[in-house]
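Tertiary structure, described
Letter by letter, the chains look like this.
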Amino acid sequence: MTDSKVPQVTRNNHFVPQAYLRRWADESECVYRYRLLVSHKQVPLWTKTAVRGLASRPHLYTLLEDDEDVDAFERWFEQEFETPAQDAIDKAVSGARLRRPDWERLVLYCLAQDLRTPRTYHRVTSLFGDKLGGVLEDVAQRLKRDAEAGVLPSRVAAAANSQPDSMADVMRVSIDPDAYPERDEGQIAVRALAGRRLWLNEVKRLISGQVRSVALGHEWSIVEPAEGSTWVTSDHPVVRLNYYGSDGTYDLDGGWGRRNGNIVMPLSPRHMLYTQVGDRRPRRFTFNRDLTALFRKVQVESALDDVFADSPSRDVVAFRRRTVDADVFTQREKAWATWHEEQNRAESEFRAT
């Protein structure tokens, strides 16, 4: 008799790894947390919080396959990026020499971390929504031309499959040749669902495609803050910074290959993975006070909900004032509590129609 055990689905998905946050933790595995949205003003600015309870959401990555929850995405992240990078992070933090495979693991860890957070979910689905009308119109027009040319049946699958792989199972094409018999006209409908599955498909596409090669092609460094300062981190630790002119203006929408932009990810309170696209810098160096302050500031600005530090900091609070709103706080928590149910429902309805 054999005893086969089905792996238990991971319910609580940490979108910032616990091993990463422990770099900022004390002996009790707690870090200081600054929340950007709170329910009332009596909530302390900084709260000491256990790492295990931070940067996680129930079933953030869980997909419904054949009516069963599957957490293959969570396991893929852990096996392909988190675990392989730990030794390289240890070397970066200890000052040991980093060899080529170590740099590659650090960079891929950084790329994966940039894509796996709720902030990127919002960014991807919002961008998709902005482009959705044009994409669907393009597919519909091509199908219309094929119908008029009498080759529609052989082109339907090709039209849908010509879209990026990340859209292959979130797009549907339906044809009703007799939709309007009174006018002797049919109807072509193209629909798409912008949700969790699209986001996770897009993450895999980017990590496996050209963005991966671009990221690995940059020259990377480990940068320490000015004496007396430290790096903070957040629930979206990777910052992609664009500069505009000599007046110091910038935004946080930089690309992985945009020349002169900076891509950074703190690895500990004293170490930050850093590149300036197109430039070569020393493998290890230290920022002056102005640059240290700037990169502390952009880390806070990049956060969605939380900033994490090894000690409370006044400048963090000054960089970004928190919002006190009980109604918005309640709505946000309710949305996350029903996230998995709502994502599954939307997918089921999409497939059924």
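Each chain has its residues counted from 1, following the order in which its sequence is written. Given that this is a predicted model, residues contribute local features only at a pLDDT of at least 70 and side-chain atom pairs are listed and counted only at 80 or more, while totals for whole chains, interfaces and linings are drawn from all residues. No hydrogens and no water enter the side-chain calculation; it runs on all heavy atoms of the structure.

Looking at the overall build of the protein
Numbered from the N terminus, helices here are DSSP runs of H or I no shorter than four residues, and strands are runs of E no shorter than two. Each helix and strand in the protein was counted, giving 11 helices and 18 strands. In the protein, which comprises 353 residues, the share counted as buried stands at 44%. Only the protein chains shown count as covering a residue, and every accessible area follows the Shrake-Rupley method with a 1.4 Å probe. Roughly 18,400 Å² of accessible area belongs to the protein as shown, and the carbon and sulfur atoms make up 48% of that amount. Note on classification: 1.4 Å probe, protein chains only; a residue is buried when its accessible area is under 20% of the maximum for its type, exposed when over 50%, partly exposed between these limits.

What to know about the sheet that holds strand β15 (residues 271-276)
Whether parallel or antiparallel, the strands of a sheet pair through hydrogen bonds between backbone atoms. Should DSSP find at least two bridges between two strands, the strands are regarded as paired. Spatially, the six strands line up as an open sheet ordered β13-β12-β14-β15-β10-β16, and their pairing is mixed. In this open sheet, the two strands that pair with only one neighbour each are β13 (249-251) and β16 (284-286). For this sheet the average axis-to-axis angle between neighbouring strands, irrespective of direction, equals 35 degrees. Any two residues whose heavy atoms approach within 4.5 Å are treated as being in contact. In this analysis, axes come from line fits to C-alpha atoms, helices being fitted only over the stretch in contact, and the angle between any two N-to-C directions falls in the range 0 to 180 degrees. Seen against the sheet, helix α3 (residues 100-115) touches β10 (221-224), β12 (239-244), β14 (262-268) and β15 and runs at an angle of roughly 105 degrees to β14.

Some words on the pattern of salt bridges
Within this document, salt bridges are pairs made up of a side-chain nitrogen of Lys or Arg and a carboxyl oxygen of Asp or Glu, the two lying within 4 Å of each other. Applying the stated criterion to the full structure yields 24 salt bridges. One salt bridge connects Asp102 with Arg105, and the closest N-O pair in it is separated by 3.7 Å. In this pair, Asp102 and Arg105 both sit in helix α3, three residues apart, roughly one turn of the helix. For Asp102, a relative accessible area of 4% translates into the label buried.

Focus on the sheet that holds strand β17 (residues 306-309)
In spatial order, the strands read β4-β2-β17-β11; together these four strands make up an open sheet with antiparallel pairing. Bordering the open sheet on either side are β4 (46-50) and β11 (233-234), each of which pairs with just one other strand. For strand β2 (residues 30-35) and β4, the ladder comprises five bridges, and the chain directions are antiparallel. For Val31, the partnering residue across the bridge sits in β4 and is Thr49.

A look at the environment of Arg284
Its location among the elements puts Arg284 in strand β16. Given the relative accessible area of 34%, Arg284 is considered partly exposed. With 13 residues separating them in the primary sequence, Arg284 and His271 have C-alpha atoms 9.5 Å apart. Sequence-distant contacts of Arg284, defined by excluding residues within four places in its chain, comprise Lys91, Ala92, Gly95, Ala96, Leu98, Ile222 and His271. For this analysis, a polar contact is any N or O atom pair within 3.5 Å, provided that within protein one partner can donate a hydrogen and the other can accept it, and provided that sequence-adjacent residues contribute only side-chain to side-chain pairs. One polar contact links the side chain of Arg284 to the main-chain carbonyl oxygen of Ala92, over a distance of 3.0 Å.

Some details on the confidence of the model for the protein
Here the protein averages 87 in pLDDT, while 83% of its residues score no lower than 70. Confidence scores per residue from the predictor, reported as pLDDT, run from 0 to 100. Across residues 1-6, confidence stays below pLDDT 50; counting only partners more than four residues off in sequence or on other chains, it has zero contacts. Contacts from residues 153-164, a stretch scored under 50 in pLDDT, to residues over four places away or in other chains number 17 contacts.

Quick notes on the environment of Asp251
Relative to the assigned elements, Asp251 resides in strand β13. Sequence separation between Asp251 and Ser302 is 51 residues, and the spatial gap between their C-alpha atoms is 9.8 Å. The residues contacting Asp251, other than those within four sequence positions of it, are Arg240, Leu241, Asn242 and Tyr244.

Thoughts on the pairing of β10
Residues in a regular strand point their side chains to alternate faces of the sheet. The sheet contact formed by β10 and β15 spans three bridges and is antiparallel. Residue Val223 lies in a different strand from β15, and its bridge partner there is Met272. Pairing geometry for β10 and β16, over three bridges, is parallel. Its bridge partner being in β16, Glu224 is matched across the sheet by Thr286.

What to know about the packing of helix α2 (residues 72-94) against helix α6 (residues 196-208)
One can describe the packing of α2 onto α6 by two numbers: an axis separation of 12 Å at closest approach and a directional angle of 25 degrees. By the angle between their axes, α2 is roughly parallel relative to α6. Read as a crossing pair, α2 and α6 show a hand that is left-handed. Facing α2, whose interface residues are Phe73, Trp76, Phe77 and Phe81, α6 presents Leu200, Val203, Lys204 and Ile207. Classes in brief: Ala, Val, Leu, Ile, Met, Phe, Trp, Tyr, Cys and Pro nonpolar; Asp, Glu, Lys and Arg charged; the others, Gly included, polar. Looking at the contact of α2 with α6, its residues break down into seven nonpolar, no polar and one charged. Here roughly perpendicular refers to angles of 65 to 115 degrees, roughly parallel to angles under 35, roughly antiparallel to angles over 145, and oblique to all remaining angles. Take the far helix as your reference; a near helix turned counterclockwise from it by less than a right angle gives a left-handed crossing, and one turned clockwise gives a right-handed crossing.

Side note on a negative patch on the surface
For patches, a residue must show more than 30% relative accessible area and have no salt bridge; joins then use 9 Å for like charges and 5 Å for nonpolar side chains, namely Val, Leu, Ile, Met, Phe, Trp and Tyr. Positive charges come from Lys and Arg alone, negative charges from Asp and Glu alone, with His and the N- and C-terminal ends not counted. We put the charge of a Lys on NZ, of an Arg on CZ, of an Asp on CG and of a Glu on CD. A contiguous patch of negative charge, built from Asp66, Asp67, Glu68 and Asp69, is present on the exposed surface. When you line up the elements, Asp69 lands in strand β7 (residues 68-70).

Examining unusual backbone geometry
Unusually for a residue other than glycine, Glu29 sits at a positive phi of about 60 degrees. Mapped onto the secondary structure, Glu29 falls in the loop between α1 (18-21) and β2. Phi angles above zero are rare outside glycine, and Asn260 is one such case at about 75 degrees. When you line up the elements, Asn260 lands in the loop between β13 and β14.

Some points on the nonpolar core
As used in this record, nonpolar core signifies buried Ala, Val, Leu, Ile, Met, Phe, Trp, Tyr and Cys residues forming a set joined through side-chain atoms within 4.5 Å. The biggest cluster of nonpolar side chains holds 49 residues, and the ones touching the most others in it are Phe77, Leu106 and Ile207. Counting residues per element, the ones that place at least two in this core are α1, α2, α3, α4 (118-149), α6 and β14. For this core, the element with the highest residue contribution is α3, accounting for nine residues. Those residues in contact with Leu106, other than ones at most four positions away along the chain, are Ala88, Ile89, Ala92, Leu98, Leu267 and Leu273. Of all hydrophobic cores here, the second largest spans 13 residues; its members include Val239, Leu241, Leu252 and Leu294.

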